[in-house]
Structures are given as structure tokens and as C-alpha cells.
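So the chains spell out like this:
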Amino acid sequence: MDRRDFLKTGAGALLLAAAGCSSARCGASKACACRKPKFHIAMAGYTYNKFSLDETLAALEKYDVHYLCVKNFHLPFDATPAQIAEFKRKCADHGVTPYGTGPITMSTPDEAKKYFDYTAALGAGILVGVPGEKGADGKMQSSRRMCEVCSELCPKYGIKFAIHNHGANPKTGNPRLYPTVPATYEYIKDLDPAMGFCMDVAYTFADGFDPAAIVRQYAARIFDGHLRNISDGGNGSSGTVAHQGVINYLPFFRALVEVGYDGCFGLELANSFPKNPEWIPESLGYFRGLVAAV
């Protein structure tokens, strides 16, 4: 029996009903548009921190990746208009869209404005940032004041600001600097709605949260994110090839589909790459397979 004949049978109809949209907003009894992924598997620029822009873009084209979050080692913060134009031309030649910048740490209003200017000049719509200030010991920490500064800049530039969570475990993360998505939300919940998160899934999982539940709870404020799997469930930095890690990404991707997320989640393997170059295509293939399964 071929697929078309099977779907005409009662058994086929029952399977379609069972596989119907699981979104609470959809009562469809068959596959529907709500189930189709709208988001993109992108590349976090930090993954290629040891490679030139030309090498990075060639790799992205080879691996069919079309979205890049830009770091300053590929486009300096003080780049001239001519350099920015050349950067954008190279990206276009390789079929790559520079959709965002960062992560970028900033601790003063002048720095914040500088990085908003940088992002706007590139034509990107998202600034992944870490708005902090120095504590009494001279180390960076979360800052409500800097969040307010960035909140005021968002509508002026038409740019979304995504704060990267850095993990709550002092041995593997940075509990002083926006450790988790829920902790970060307390700093921005009453600020401009363009203030949100760059959700690092590995740190979220390592800190004991269900990444899929975090997506559903904070969907309106998730603007970007980082994908990698980890070998140690308590260490968000213990990157490994995606199909051998401890995080089950299928429920996470399903949650992204259910909430209608239409942004990017970038592969980030900087701590393990280029030592293990095969992890890039293998991880991309695995994540794409899961998205297709969803």
C-alpha cells in the first residue's frame, strides 16, 4: 500500500489525528501550518573565532547555513562604512544573512550606544548583549541600570536586545552575570518588550531547567539562542557532537514550533572547535533531522 492509499483508510485517518497539532491554540485533527517550523538553524559567530571571515563564510556556504550572528573579530566595532559594505557583500556572495551581532559586553551608556550604532550600520535587527557593571571587586555583574539604558535605545534604533544567560554554576558558568533566563527576566520584565533573551540551551539544561518549558513560558521575549549538546549534564560548557550529548532536543524544537518562534538559534561549539571539525556538519545534520521530525 502506498502512502496515498494508506491515508485514505481509517487507520491512516486515526494516525493523522494522533499526529495532529499539539498546540493549545489549534484544534486541528490533522497536520497543520502550526506544526511547520518557522525558525532557522544559524551559526553563532563565536564558533569560528579562530577563522577568518572568508574561511567562515566558505564553511557556512558548504554546510548550507544562511544566517550568522556577527562577532567583532569578523567585523571590527570601528569598521568604516566601506568595510561594512564589503562585509555585507561577502556575506551576500555566500548566501549568508548577518541577522544579529554579539554577544557584546557593555558597562556604560556610551558603550551601549556604540554597539547599537554598530548593529544598525550592519542592518541587523538583533543585538545579543550583556549589559553589566563592575562590582566592588571589579568583576562584571548584572545591572538593572544598564538594562534600562538599553531598553531606551531599542525603540530608537528599532533593534531587539537579547541578553545571553551565562549559567548559575560558579565552576562552569557565571552566576553574577545573568545566569538563567528566569533570573534575567526579573531585570527586564517591566522594560520595553524589545528587551529579551538569547537563550543558551546548554546552560539552561545544566542549571536544572527544562528548555522546552522555558521556551513556552518566555516565548514573547526569546529573540535568539545558542545550540550545542553537552557530555556532562551539570556543565553547560562541556560541548560535544549533538547526537552524543545528554540533552534531548526533540521536545525543545517541538516547543519552538508550538509557540511560533520565527527567529534563529545558532550552533555554538567554540570550546570544541576547530579541534573536532567534524562536529559542525554532524551537529547541523542532527539538529536539522530533529526539526524535520517535528
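Because the structure is predicted, anything quoted here is derived from the model rather than measured.

## Side note on the pairing of strand β11 (residues 264-267)
Burial along β11 is two-sided: Cys-264 and Gly-266 and Phe-265 and Leu-267, pointing in opposite directions, are all buried. Here strand β1 (residues 40-44) runs beside β11; their pairing, made up of four bridges, is parallel. Looking across to β11, one finds that Ala-42 is bridged to Gly-266. Bridge count for strand β8 (residues 222-227) against β11 is two bridges, and the pairing is parallel. In the sheet register, His-226 faces β11, and the bridge partner there is Gly-266.

## Regarding the packing of aromatic side chains
According to the stated counting rule, one finds 17 aromatic pairs in the structure shown. Following the ring pairs from residue to residue traces out a cluster consisting of Phe-39, Tyr-249, Phe-252, Phe-253, Tyr-261, Phe-265, Tyr-286 and Phe-287.

## Details of the packing of helix α9 (residues 211-218) against helix α10 (residues 250-258)
α10 packs onto α9 with a crossing angle of 15 degrees between their chain directions and a minimal axis gap of 8 Å. The angle between the axes of α9 and α10 places the two elements in the roughly parallel class. Considering how the two elements wind past one another, α9 and α10 form a crossing that is right-handed. Residues Pro-211, Ala-212, Val-215 and Arg-216 of α9 touch α10, and the partners they reach there are Pro-251, Phe-252, Ala-255, Leu-256 and Glu-258. A breakdown of the residues in the contact of α9 with α10 according to their chemical character gives seven nonpolar, no polar and two charged.

## Observations concerning helix α6 (residues 144-157)
With 14 residues, α6 extends 20 Å from end C-alpha to end C-alpha; this agrees with the ideal 20 Å at 1.5 Å per step. Those residues of α6 that are buried lie in contact with β3 (97-106), α5 (109-122), β4 (126-134), β6 (160-164), α7 (181-188) and β7 (195-200).

## Focus: the pattern of salt bridges
On inspection of all chains with the given rule, the structure shows twelve salt bridges. Across the pair Lys-90 and Asp-54 runs a salt bridge whose closest N-O atoms are separated by 3.1 Å. You can see Lys-90 sitting in helix α4 (residues 81-93) and its partner Asp-54 sitting in helix α3 (residues 53-62), a full 36 residues away along the chain. What makes Lys-90 partly exposed here is its relative accessible area of 23%. The class for Asp-54 is partly exposed, based on a relative accessible area of 41%. Residue Asp-117 is joined to Lys-113 by a salt bridge in which the shortest nitrogen-to-oxygen separation is 3.1 Å. Residue Asp-117 and its partner Lys-113 are located together in helix α5, separated by four residues, close to a single helical turn. The class of Asp-117 is partly exposed, set by a relative accessible area of 31%.

## Side note on the environment of Glu-186
In this fold, Glu-186 is placed in helix α7. Separated by 42 residues in sequence, Glu-186 and Arg-144 have C-alpha atoms that sit 9.2 Å apart.

## Quick word on the side chain of Ser-142
As for its placement among the helices and strands, Ser-142 is situated in strand β5 (residues 140-142). A polar contact is formed between the side chain of Ser-142 and the backbone nitrogen of Tyr-178, at a distance of 2.8 Å. Excluding its chain neighbours within four sequence positions, the residues that come into contact with Ser-142 are Pro-131, Glu-133, Arg-176, Leu-177, Tyr-178 and Tyr-187.

## Notes on the confidence of the model for the protein chain
Taken over all residues, the pLDDT of the protein chain has a mean of 90, while the share at 70 or more is 88%. When the criterion is pLDDT under 50, residues 1-20 qualifies, and its contacts beyond four places in sequence or with other chains add up to 15 contacts. Note that residues 27-31 has pLDDT below 50 and, in this model, seven contacts with residues that lie over four places away or in other chains.

Reading guide: rules and limits
Residues numbered from 1 in each chain as written. Predicted model: local features only at pLDDT ≥ 70, side-chain atom pairs only at ≥ 80, totals over all residues. Heavy atoms only, no water. Buried < 20%, exposed > 50% of the residue type's maximum accessible area, 1.4 Å probe, protein only. Helix = DSSP H or I, 4+ residues; strand = E, 2+ residues; numbered from the N terminus. Pairing = 2+ DSSP bridges. Phe/Tyr/Trp six-rings, centres within 6.5 Å; stacked < 30°, edge-to-face > 60°. Axes fitted to C-alpha atoms, helices over the stretch in contact; angles between N-to-C directions. Parallel < 35°, antiparallel > 145°, perpendicular 65-115°, else oblique. Left-handed = near helix turned anticlockwise from the far one by under 90°. Contact = heavy atoms within 4.5 Å. Nonpolar A, V, L, I, M, F, W, Y, C, P; charged D, E, K, R; others polar. Expected span 1.5 Å × (residues − 1). Salt bridge = Lys/Arg side-chain N within 4 Å of Asp/Glu carboxyl O. Polar contact = N/O pair within 3.5 Å; in protein donor to acceptor, adjacent residues only side chain to side chain. pLDDT = per-residue confidence, 0-100.

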